[in-house]
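Chains, contacts and geometry: an overview
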Amino acid sequence: MHIENNQECFVELWLRLEHTRLLLAGQCKRFCARRVLKMWFGLRASDDFIWDVCHRATLTLSDEREDPILGWDILPPPSRYPRKHRELLRAIVAVRLDITMCQVNLRALDRAYSVAFPHSTPVNVNKKAKLRGVAHGHIPA
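Once a new chain begins, its residue numbering starts again from 1 and follows that chain's sequence as written. With the structure being a predicted model, the display of local features is reserved for residues of pLDDT at least 70 and the display and counting of side-chain atom pairs for 80 or more, all residues being used for whole-chain, interface and lining totals. Only hydrogens and water are removed before side-chain values are computed, so all heavy atoms of the structure are retained for them.

**Some thoughts on the packing of aromatic side chains**
Pairing of aromatic rings covers Phe, Tyr and the six-membered ring of Trp, with a centre-to-centre limit of 6.5 Å; geometry is then stacked below 30 degrees between planes, edge-to-face above 60, and tilted otherwise. Counted by the stated rule, this structure contains four aromatic pairs. Ring geometry for Trp 14 against Tyr 113: centres 4.8 Å apart, planes inclined by 70 degrees, an arrangement best described as edge-to-face. Taken together, the residues Trp 14 in helix H1 (residues 7-26) and Tyr 113 in helix H5 (residues 106-116) connect sequence positions 99 residues apart. For the pair Trp 14 and Tyr 113, one class covers both residues: buried. Put simply, the rings of Trp 14, Tyr 113 and Phe 117 touch in pairs and so form one group of aromatic residues. Secondary structure elements are taken from DSSP: a helix is a run of H or I of four residues or more, a strand is a run of E of two residues or more, and numbering for both begins at the N terminus. Only protein chains enter the accessibility calculation, which uses a 1.4 Å probe; a residue is then buried when its area is under 20% of its type maximum, exposed when over 50%, and partly exposed in between.

In structure tokens form, the structure reads like this:
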């Protein structure tokens with residue numbers, strides 16, 4: 001699998017993630033980080049690779065109440081619960097390209113989510129704007 005740090009690749013990754021989820025559901029198999037990485041990268045998805053991806057993804061989850069991303073834990077559907085998947089894809093890109101998590105193009109990753117799942121809630125809502133009402137089309141006085 002060829003990985004790049006751009007929106008085109010991120011759209012492909014979001015769509016592939018959903019395709020993988022459906023494929024695993026059809027096989028009555030667990031949709032988890034370990035299985036996704038094994039399916040996508042085959043023998044290159046060593047235990048160390050899986051640990052590195054899961055570890056990096058978990059470190060960037062800002063909400064302390066959010067569960068860590070562990071290899072065998074079942075993941076929710078990406079179209080309904082994008083936050084964990086965003087960090088998982090971000091970590092995959094960082095590990096494969098040997099870059100830091102901060103170097104992954106988050107704007108492109110978030111735009112790609114909106115392309116892959118056009119009728120879903122945006123993955124990264126500006127909370128300050130939402131509090132001011134801007135996110136709902138209201139301009140503060």
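**What to know about helix H3 (residues 47-59)**
Each residue after the first adds 1.5 Å to the expected span of a helix. In this model H3 runs 18 Å from its N-terminal to its C-terminal C-alpha over 13 residues, within 8% of the 18 Å that 1.5 Å per residue would give. Along H3, the residues classified as buried are Phe 49, Ile 50, Val 53, Cys 54 and Ala 57. Seen end-on, H3 carries its buried residues on one side only, within an arc spanning 125 degrees. Opposite the buried face of H3, by more than 90 degrees, sit the exposed residues Asp 47, Asp 48, Trp 51 and Leu 59. Here, residues are in contact when the closest pair of their heavy atoms is within 4.5 Å. Looking at the buried side of H3, the elements it contacts are helix H2 (33-41) and helix H4 (82-97). The arc in question is the one traced by the directions running from the helix axis out to the C-beta atoms.

**Digging into the packing of H2 against H3**
Axis lines are fitted through C-alpha atoms, for helices just across the contact stretch, and the angle between N-to-C directions can take any value from 0 to 180 degrees. Put simply, H2 and H3 touch, their axes get as near as 10 Å, and they point 125 degrees apart. As judged from the angle between their axes, H2 and H3 are oblique. Note that H2 runs across H3; the crossing there is right-handed. When H2 is examined against H3, the residues Ala 33, Arg 34, Leu 37, Lys 38 and Phe 41 are found in contact with a partner set consisting of Asp 47, Phe 49, Ile 50, Val 53 and Cys 54. As a working rule, the residues Ala, Val, Leu, Ile, Met, Phe, Trp, Tyr, Cys and Pro are called nonpolar, Asp, Glu, Lys and Arg charged, and the rest polar, with Gly in that last group. Within the contact of H2 with H3, the residues separate by chemical class into seven nonpolar, no polar and three charged. Roughly parallel here means an angle under 35 degrees, roughly antiparallel means over 145, roughly perpendicular means 65 to 115, and every remaining angle is called oblique. Take the far helix as your reference; a near helix turned counterclockwise from it by less than a right angle gives a left-handed crossing, and one turned clockwise gives a right-handed crossing.

**Comments concerning the packing of H1 against H4**
At a minimum axis distance of 11 Å, the contact between H1 and H4 shows a crossing angle of 125 degrees. Our classification of the angle between H1 and H4 gives oblique. Considering how the two elements wind past one another, H1 and H4 form a crossing that is right-handed. For the pair H1 and H4, the contacting residues are Phe 10, Leu 13, Trp 14 and Leu 17 in the first and Pro 82, His 85, Arg 86, Leu 89 and Val 93 in the second. Class assignment of the residues belonging to the contact of H1 with H4 gives a composition of seven nonpolar, one polar and one charged.

**Re H2**
Think of an α-helix as 3.6 residues a turn; residues three or four steps apart then line up on the same face. Of the residues making up H2, those classed as buried are Ala 33, Arg 34, Val 36, Leu 37, Trp 40 and Phe 41. Looking straight down H2, one finds that the buried residues subtend no more than 165 degrees of arc, so they occupy a single side. Gly 42 lies just past H2 and shows a positive phi near 55 degrees.

**Digging into the environment of Ser 79**
Turning to its location among the elements, Ser 79 is positioned in the loop between H3 and H4. By relative accessible area, which is 23% here, Ser 79 ends up partly exposed. Spatially, the C-alpha atom of Ser 79 lies 9.8 Å from that of Leu 15, the residues being 64 residues apart in sequence.

Keep in mind that these numbers describe shape and distance, not what the molecule does.
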